[in-house]
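Structural description and commentary
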Amino acid sequence: MSRGAGKVAATDVARQAMPHVIVNIGAQGAEFDRAALRAHLQALAPEDPVVILIHGYSFEPGRPGHCPHEHILAMRPDRGCWKATSWPRHMGFGRGRDGEGLVIALGWHARCSIWSAYARAAHVGRILAALVEEIATFGHRVDLLAHSLGARVALQCVAHAQAGTIGRVILLAAAEFRRPALAVLDTPAGRGAEVINVTSAENALFDRLLESVVWPFSETGPWRGWALGVGTHVPVRNWLDLRVDDHTSRTALAALGYAIPAPKRRVCHWGLYLRPGLFKLYRDLVRRREALPLHVLRAQTAKPSVDTTPNWVSPRPFARRSSP
């Protein structure tokens, strides 16, 4: 068999396999099947998406009951937990259709103290940046979807990646502070990436806990630890704060074809991936990005009708904060 025939055969195998690669980042760096990843990348068309999914706090790969690859990052998650819904399938993978692209499920050790996990997330992001650059050698940019402390992983990945390697970054209930997040935009990859920061008042209690518990030990310093959940309130071309609990925003999204109900729970850290209709939006932000440019979304959704941050969580007027 010729070398060319061998390449075609390998590509055919990759196309037939489920487009799902597991990557775990631990003390020894990134662990994954490099041959399988390369075969998948070689099989992709230039326009096919490559999406990295990043979980947040309390997961640990390989630990029974807490493994993300048996939970939200699985094609068929264990239904023993009410929060276990398949991110890969909701993002359009595993359906056997042409052009699905490749999904990479990123696991990291986040089952520890919140302070240790916050520090570790930055290290994981730096390692992930190296993987993103390896993917770029095959001619593909990556998109990132991250929840909670996974948002810090995603942003630190952007901070350390090369220019042009990252497309869109979708943050759900991000457990990160505004100052380091905005600093990422002034990096080679950050200048070319587009960030959609999805927020909701149902996560306000967790934002307040992040500010109260984590910021004294973070690099942001005293009185600079305002969470991303309150928005950036800084006009930046490639950053969009998207309040999906706000009536005006939801009405505008409905006009675009995304019917998203109001949150049912007063407090919920997981609502931004469990609420019906949201994953259709996230999927299209990646797969139909030309139809959803940031300037259009910003024009219709960037001005919430009211500040829906509940007063019982914090008396501070978050919506009127202007400094990062």
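For the structure, check the block above.
Thresholds applied
- Residues numbered from 1 in each chain as written.
- Predicted model: local features only at pLDDT ≥ 70, side-chain atom pairs only at ≥ 80, totals over all residues.
- Heavy atoms only, no water.
- Salt bridge = Lys/Arg side-chain N within 4 Å of Asp/Glu carboxyl O.
- Helix = DSSP H or I, 4+ residues; strand = E, 2+ residues; numbered from the N terminus.
- Buried < 20%, exposed > 50% of the residue type's maximum accessible area, 1.4 Å probe, protein only.
- Phe/Tyr/Trp six-rings, centres within 6.5 Å; stacked < 30°, edge-to-face > 60°.
- Polar contact = N/O pair within 3.5 Å; in protein donor to acceptor, adjacent residues only side chain to side chain.

Quick look at the pattern of salt bridges
Between side chains of opposite charge, pairing is possible as soon as their charged atoms come close. Tallied over the entire structure, the rule returns 11 salt bridges. For Arg275, the salt bridge goes to Glu202, with nearest N and O atoms at 2.4 Å. Note that Arg275 is positioned in the loop between helix H10 (271–274) and helix H11 (278–287) and Glu202 in the loop between strand E7 (194–199) and helix H8 (204–214), a separation of 73 residues in sequence. Residue classification places Arg275 among the buried positions, given a relative accessible area of 8%.

Here we look at the packing of aromatic side chains
Where two aromatic rings form a pair, the distance of their centres and the angle of their planes describe that pair. All chains considered together, the criterion is met by 6 aromatic pairs. Seen in terms of ring centroids, Trp87 and Tyr273 are 5.3 Å apart; in terms of plane orientation they differ by 70°. Their pairing is edge-to-face. Here Trp87 is found in helix H3 (residues 87–90), whereas its partner Tyr273 is found in helix H10, with 186 residues between them in sequence. In this structure Trp87 comes out as buried when scored by relative accessible area, which is 0%. Residue classification places Tyr273 among the buried residues on the basis of a relative accessible area of 4%. Where Phe206 meets Trp270, the ring centres are 6.2 Å apart and the plane angle is 65°; that geometry is what we call edge-to-face. Here Phe206, found in helix H8, pairs with Trp270, found in the loop between helix H9 (247–255) and H10; they are 64 residues apart in sequence, far enough to count as distant. Classification of Phe206 by relative accessible area gives partly exposed; the value is 27%.

Section: the environment of Glu211
By the secondary structure assignment, Glu211 is in helix H8. Through-space distance from the C-alpha of Glu211 to that of Glu176 is 9.1 Å; in sequence the pair is 35 residues apart. A polar atom in the side chain of Glu211 sits 2.9 Å from the backbone nitrogen of Ala227.

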